[in-house]
Amino acid sequence: AEAVRQQIEKYLQWIKPGKENEAAFYGGSFTGLDMDLQEELFKPVDKLLQEGIIGSVRLSTRPDYIDEERLALLKKHNVSTVELGVQSLDDRVLEQAGRGHNAASVVKAVELLRAHGFKTGLQLMCGMPGQTAASFMATVAESIALKPDMVRLYPLLVIKDTPLEETYRSGKFTPLGVEAAAELCAAALQKFTGNGINVIRIGLQPDDELCSPGNIVAGPFHPAFGEIVKSMAVRNELTPQIMALVNAGRSKIKIYVPQNMESKLRGQHNSNIKCWQKMGACIEVIKTKNTSIYLEGENNE
């Protein structure tokens, strides 16, 4: 609790009081803590709410640490959003990962949270042991059916001094590469956004702890992973349209793009443009004040 107070004092130097500010408890399963400790941790946050410095509270936890008693405590302390560390909705994958909960626990937790008026987030992971692309996309489909308010997508990394490191070093587990993980997350991103579900984070925050020397043993880590995924999603969306124009003999293609989306359109090192060029398209990128991307194709002659 003292560490929480110290961290709040640190941040109070930088933030302007307002209802848009939010206190967030991350890095563990908050509702799995002793109830008295939860009460103690909430005290300095309650003070921030009373003084109008923040307007809401959110936290992350496990789906099997959600019940009526715990939710009553969260309501008492004005928690508005609860994110669940789901990882997968494939029981076989969850068992292999030693998660200690099953998919049914997730469904029950989401139903309870919704019944009590909480905004709900799901944190999903690709590249887990025993997980296939089909399994991951099935988890995406099942997550959409649960209608969460938000989603986070993470690729699995092998971290130092974990059981997974031992499995990796023994040759029993091979993590995904950056491109393979990005392709899965891009497909998931398109599915979620297409169903009106906001993806609020893609990839782990590259902070000092995560990026300390030797901490990441293996896996698809990239500091710009989220941008790679978003760019790949744009490529996936536009490629059928570009191919249709090329096949119709209109391979001189102008792509009109909002300035703030140009980097996502082009991809890292112009990877998307190069991909379309290999398909026979001659691409010209034109910045526009419109809010969406659209194409024009000209005849080849």
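Scope of this entry: the structure provided in the associated data block. (Residues numbered from 1 in each chain as written. Predicted model: local features only at pLDDT ≥ 70, side-chain atom pairs only at ≥ 80, totals over all residues. Heavy atoms only, no water.)

Let us look at the nonpolar core. Core analysis: the largest hydrophobic core is formed by 54 residues, its most contacted members being Phe-25, Val-82, Leu-84 and Phe-192. The element that contributes the greatest number of residues to this core is helix α8 (residues 178–194), accounting for 8 residues. Apart from residues no more than four positions distant in its own chain, Leu-84 is found in contact with Thr-61, Arg-62, Pro-63, Ile-66, Ala-109, Val-110, Leu-113, Thr-120, Gly-121, Leu-122 and Gln-123. (Core = buried A, V, L, I, M, F, W, Y, C linked by side-chain atoms within 4.5 Å. Buried < 20%, exposed > 50% of the residue type's maximum accessible area, 1.4 Å probe, protein only. Helix = DSSP H or I, 4+ residues; strand = E, 2+ residues; numbered from the N terminus. Contact = heavy atoms within 4.5 Å.)

What follows concerns the pairing of strand β5 (residues 150–155). Counting buried positions along β5 yields 6 of 6 residues, so the element is predominantly enclosed. Burial along β5 is two-sided: the face carrying Met-150, Arg-152 and Tyr-154 and the face carrying Val-151, Leu-153 and Pro-155 are both buried. Note: strand β4 (residues 119–126) against β5, 6 bridges, orientation parallel. Note on β5: the bridge partner recorded for Gln-123 is Arg-152. Considered for its hand, the β-α-β crossover made up of β4, helix α6 (residues 133–146) and β5 is right-handed. As defined by bridge partners, β5 adjoins strand β7 (residues 198–202) across 4 bridges and the pair is classed as parallel. Bridge pairing links Met-150 to Asn-198 in β7. (Pairing = 2+ DSSP bridges. Right-handed = clockwise from strand over helix to strand, strands pointing away.)

Taken in spatial order, the 3 strands of this open sheet run β10-β9-β11, and their pairing is mixed. The open sheet has two free edges, formed respectively by β10 (282–288) and β11 (294–298), since each of these has just one partner strand. Averaged over all pairs of adjacent strands, the angle between strand axes in this sheet comes to 25°, irrespective of strand direction. In this structure, strand β9 (residues 252–258) lies alongside β11, joined through 5 bridges in antiparallel fashion. Within the sheet, the bridge partner assigned to Ile-255 lies in β11 and is Leu-295. (Axes fitted to C-alpha atoms, helices over the stretch in contact; angles between N-to-C directions.)

On to helix α2 (residues 35–50). Between its first and last C-alpha, α2 extends 22 Å over 16 residues, near the 22 Å set by a 1.5 Å rise per residue. Along its length, α2 reaches its greatest deviation from straightness, about 35°, at Lys-43, and the proline Pro-44 lies no more than four positions downstream. By the burial criterion, the buried members of α2 are Gln-38, Leu-41, Phe-42, Pro-44, Val-45, Asp-46, Leu-48 and Leu-49. Tucked inside the fold, the buried residues of α2 contact α1 (2–12), β1 (22–25), β2 (56–61), α3 (68–76) and β3 (79–87). Two to three positions downstream of the cap, the backbone nitrogen of Asp-36 sits 2.9 Å from a side-chain oxygen, assigning the N-cap of α2 to Asp-34. (Expected span 1.5 Å × (residues − 1). Bend = angle between axes of the 7 residues up to and from the residue. Polar contact = N/O pair within 3.5 Å; in protein donor to acceptor, adjacent residues only side chain to side chain.)

Taken together, the side chains of Tyr-11, Trp-14 and Ile-15 present a nonpolar region at the surface, about 330 Å² in accessible area. Structurally, Trp-14 can be placed in the loop between α1 and β1. (Patch = residues over 30% accessible without salt bridge, like charges linked within 9 Å, V, L, I, M, F, W, Y side chains within 5 Å. Areas by Shrake-Rupley, 256 points an atom, 1.4 Å probe, with all protein chains shown as cover. Salt bridge = Lys/Arg side-chain N within 4 Å of Asp/Glu carboxyl O.)

Enumeration over the complete set of coordinates arrives at 5 aromatic pairs. Where Phe-25 meets Phe-30, the ring centres are 4.6 Å apart and the plane angle is 40°; that geometry is what we call tilted. Among the residues examined, Phe-30 registers a relative accessible area of 4% and is labelled buried. Members of the aromatic cluster, each reached through a chain of ring pairs, are Phe-25, Phe-30 and Phe-42. The cationic tip of Lys-10 hangs over the ring face of Tyr-11; the distance from NZ or CZ to the ring centre is 5.7 Å. For the cation-ring pair, Lys-75 lies above Phe-118, with the distance from its terminal atom to the ring centre recorded as 4.9 Å. (Phe/Tyr/Trp six-rings, centres within 6.5 Å; stacked < 30°, edge-to-face > 60°. Lys NZ or Arg CZ within 6 Å of the ring centre and 35° of its normal.)

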